[in-house]
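# Structural overview for review
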Amino acid sequence: MSSPAVPVVDGPRAGGHRARETPAAPPPVGAVLDALPAPAVLLHPDGTILQVNAAWTDQLQHRPGLPVTVGDDYGEAVLAVRDDGDVRRLLAALGELSAHGGDPVSVDCALAPGQTGRWVHVQAARVDDAGLLVVTHTDITARVEAVRATARRDRVDHLTDLPNRRHLQELIDAELAGDADRPVAVLFLDVDGFKAVNDSLGHDAGDQLIRDVALRLAEHTREEDTVGRLGGDEFVVLGRGCTESDAAALALRCQDAFTEPFRVAGSVVPLTVSVGIAVATARQVDRATDLVRDADLAVYAAKAAGRNTVRLFSPDLRVAAERRLRVASELHDAIAAGQLVVHYQPLMHLRTRAVTGVEALVRWQHPERGLLPPGEFIPDAEASGLVGELTRWVLGTVARDAAAWDAMGLPLTAAVNISATHIGAGTLVADVTAALVESGLRPERLVLELTETSVAEDPERAAEQFAELRVSGIEVSIDDFGSGFSCLGQIVSMPAGILKIDRSLVAGVAGAGHRRASQSAAAVETVVSLARACGMRSVAEGVETEEQLATVTALGCTYGQGFFIARPMPAADLPRWLGSRSRRRAVVPG
């Protein structure tokens, strides 16, 4: 393919006057050009297109391409389609190559109008000393779009199209890199009760609920704020230029997004949200991870204080977190080192005064701090994910002790406290079964206790696992009844055989003012009646005086437990205590 003689100027250009005539390209170049698979043109040093190959002609006929042909000015045509810095740098590089030689040009460039997104890989090589150029154009739009899609997936949450954890950190880092005195707020949002909804309605409904939450948060935040999703039911709001008071107001706006119940899968779903706030300037914090961590600590404190709460970060929260981490690390080693012990508090049948069971209470024989009660380390075990390992150890120890007592002719039931975290893990049935098999303890000798508030966290999962355990003969007890505000329907529908009345109610039945004692006694009597109506036995916890013992007995409680009856004791001391008690009762009947 050839063209008439054309003028020569200095390289590809966007317009200009023709200076002199130059002969057409030699025939051998045309043959080479046609052999190239990619659309290609032969350029005169002045930028005129001397030849196009077959692939170029085919491209113009069947799909979008650069609309030029022989005799057209390449630079003018390219700039007519897209005029930006990248295109002008490409043309300058072609001119430099034609005029002075050097390495071939190889660039990716957008050669499409507006935002149509067509990308080509442009390669140019000098043909001879006269400055002729062969320029190929390979369409790489699909590859560029794939790379962009991958980059977008790396930065955007797939479910909500909000910025994900990685992109949020980039945005926060960028904000901290700005004005050193401008405050930056990070709000960490944890949706209350989402897990139970997800489990009951299914994951598809849960995904839709998360999308709905994302939309509402975006509607309730300011235009300059950014809402992102970390994963699960955790969201982050980046508040630009937010002081602590501004951030507190923003947190309330986020909570307002949950005022109206959500509707999903044909169900009305009421939700609330707990919010942790961290506010700092670049002079105080220089990394996004630090600010997000502080907000995370604040929301942890908000969740611990109750649902639907807001907590502002303070340095004491970091100190507490460091302590939890230290205790968790020491506790992990303590389990392996045999530093944990179990003490047992007797349970007395009130009508017969016979001791029929014990409650297992784990203690930590700390090498430096002495004997620690469970309140000193159980919350840390739950927060650090160690509660499952700890509970398995307790189950194994208690089952072996109870089996040994059984072999001694002491047929006592042994109660083990179960954490709601363990229920949520879904391994309770397998862990209990393993402890029974290893120890040889009969199932009817084991009682599992779950607090009233823990039942309320995930009642369906708790009921499912407890029902399976009760079928095998294991008893189930609801502990601390009367201390929380859970749904009564959830409690009475739980497959449990024992209801333990919280010590706060028992404490008031005697030794207080007449009115308070009467009210407390009425409350205890109501719980006893509730238990009886549900086919459950009742246990009065925290019996510390003879008067309290007499009162709860008169009120119809089945069992009693407390310091007046006996304090917790090591396993080795229990047979001796029972023996001495039997001898005393033989002299003076209880």
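Scope of this entry: the structure provided in the associated data block. None of these values were measured; they are calculated from a predicted model.

A tally of helices and strands in the protein yields 22 helices and 24 strands. In the protein, buried positions account for 49% of the 590 residues. Intrachain contacts of the protein at a sequence separation of at least 6 include 62% that bridge at least 24 residues.

To continue, consider the sheet that holds strand 9 (residues 226-231). Taken in spatial order, the five strands line up as 9-10-8-13-14 in an open sheet, and their pairing is mixed. Each edge of the open sheet carries a strand with a single partner, namely strand 9 and strand 14 (310-312). Strand-to-strand, the axes of this sheet are offset by a mean angle of 20 degrees, without reference to chain direction. Here seven bridges tie strand 8 (residues 184-192) to strand 10 (residues 234-240), and the two strands are oriented antiparallel to one another. Bridging from a neighbouring strand, Val184 pairs with Arg240 of strand 10. With respect to the sheet, helix 9 (residues 244-256) is in contact with strand 8, strand 10, strand 13 (272-280) and strand 14, its orientation differing from that of strand 13 by roughly 160 degrees.

For the pair helix 15 (residues 428-439) and helix 17 (residues 459-471), the least separation of the axes is 9 Å and the interaxial angle reads 25 degrees. Accordingly, the angle class assigned to the pair helix 15 and helix 17 is roughly parallel. The two elements helix 15 and helix 17 meet at a crossing, and its hand is right-handed. Taking contact as the criterion, the partners of Leu428, Val429 and Val432 in helix 15 are, on helix 17, Gln465, Phe466, Glu468 and Leu469. Tallied by class, residues from the contact of helix 15 with helix 17 come to five nonpolar, one polar and one charged.

A few words now on the pairing of strand 16 (residues 354-366). The buried fraction of strand 16 is high, at 10 of 13 residues. Both strand 15 (residues 340-349) and strand 16 contribute to a ladder of 10 bridges, which runs antiparallel. Note on strand 16: the bridge partner recorded for Leu340 is Trp364. The loop that links strand 15 with its antiparallel partner strand 16 comprises four residues; one of these, Arg353, has a positive phi angle of about 65 degrees. Note that strand 16 and strand 18 (residues 413-417) share three bridges and pair parallel. Paired with Gly357 across the strands is Thr413, a residue of strand 18.

If you look at the biggest cluster of nonpolar residues, it comprises 75 residues, and the most contacted ones within it are Val416, Val432, Leu448 and Phe466. If near-sequence neighbours (up to four positions away) are discounted, Val432 is found in contact with Leu395, Leu446, Leu448, Leu469 and Ile474. Judged by nonpolar contacts, the second largest core, of 31 residues, contains Ile210, Val213, Leu250 and Val273.

Positionally, Asp128 belongs in the loop between strand 6 (119-126) and strand 7 (133-139). The exposure class of Asp128 is partly exposed, given its relative accessible area of 28%. For the pair Asp128 and Ser98, spaced 30 residues apart in sequence, the C-alpha separation works out to 9.2 Å. Here the side chain of Asp128 touches Ala130 through a polar contact of 3.0 Å, landing on its backbone nitrogen.

Time to look at empty space enclosed by the protein. A full pass over the atoms with the stated rule returns two cavities of 30 Å³ or more. By volume, the largest cavity is sized at about 40 Å³. Taken together, Arg165, Leu168, Gln169, Ile172, Leu230, Val236 and Val292 make up the lining of the largest cavity. A per-class count over the lining of the second largest cavity returns four nonpolar, two polar and one charged.

For the rest of this paragraph, the subject is helix 4 (residues 85-100). The end-to-end C-alpha distance of helix 4 is 22 Å, a good match for the 22 Å that 16 residues give at a rise of 1.5 Å each. Listing the buried residues of helix 4 in full gives Val87, Leu90, Leu91, Leu94, Gly95, Leu97 and Ser98. What you see down the axis of helix 4 is that its buried residues fit within an arc of 165 degrees, all on one side. In helix 4, the exposed positions angled more than 90 degrees off the buried face are occupied by Arg89 and His100. Each element contacted by the buried residues of helix 4 is listed here: helix 3 (74-81), strand 5 (105-110), strand 6 and strand 7.

Quick look at helix 10 (residues 288-304) now. The first and last C-alpha atoms of helix 10 sit 24 Å apart over 17 residues, in line with the 24 Å expected at 1.5 Å per residue. Inspection of helix 10 places Ala288, Asp290, Leu291, Val292, Asp294, Ala295, Leu297, Ala298, Val299, Ala301 and Ala302 among the buried residues, and these make up the whole buried set. Where helix 10 is buried, its residues meet helix 6 (165-176), strand 8, strand 13, strand 14 and helix 11 (315-337). Where helix 10 terminates, the next one or two residues include Gly306, which has phi positive at roughly 125 degrees.

Criteria and thresholds
- Residues numbered from 1 in each chain as written.
- Predicted model: local features only at pLDDT ≥ 70, side-chain atom pairs only at ≥ 80, totals over all residues.
- Heavy atoms only, no water.
- Helix = DSSP H or I, 4+ residues; strand = E, 2+ residues; numbered from the N terminus.
- Buried < 20%, exposed > 50% of the residue type's maximum accessible area, 1.4 Å probe, protein only.
- Contact = heavy atoms within 4.5 Å.
- Pairing = 2+ DSSP bridges.
- Axes fitted to C-alpha atoms, helices over the stretch in contact; angles between N-to-C directions.
- Parallel < 35°, antiparallel > 145°, perpendicular 65-115°, else oblique.
- Left-handed = near helix turned anticlockwise from the far one by under 90°.
- Nonpolar A, V, L, I, M, F, W, Y, C, P; charged D, E, K, R; others polar.
- Core = buried A, V, L, I, M, F, W, Y, C linked by side-chain atoms within 4.5 Å.
- Polar contact = N/O pair within 3.5 Å; in protein donor to acceptor, adjacent residues only side chain to side chain.
- 1 Å grid on protein atoms, 1.4 Å probe; cavity = no way out; pocket = protein on both sides within 12 Å on 5 of 7 lines; lining within 4 Å.
- Points joined across faces, edges and corners; volume = space filled by probe spheres on them.
- Expected span 1.5 Å × (residues − 1).
- Arc of directions from axis to C-beta.

Honestly, it's all geometry; don't read function into it.
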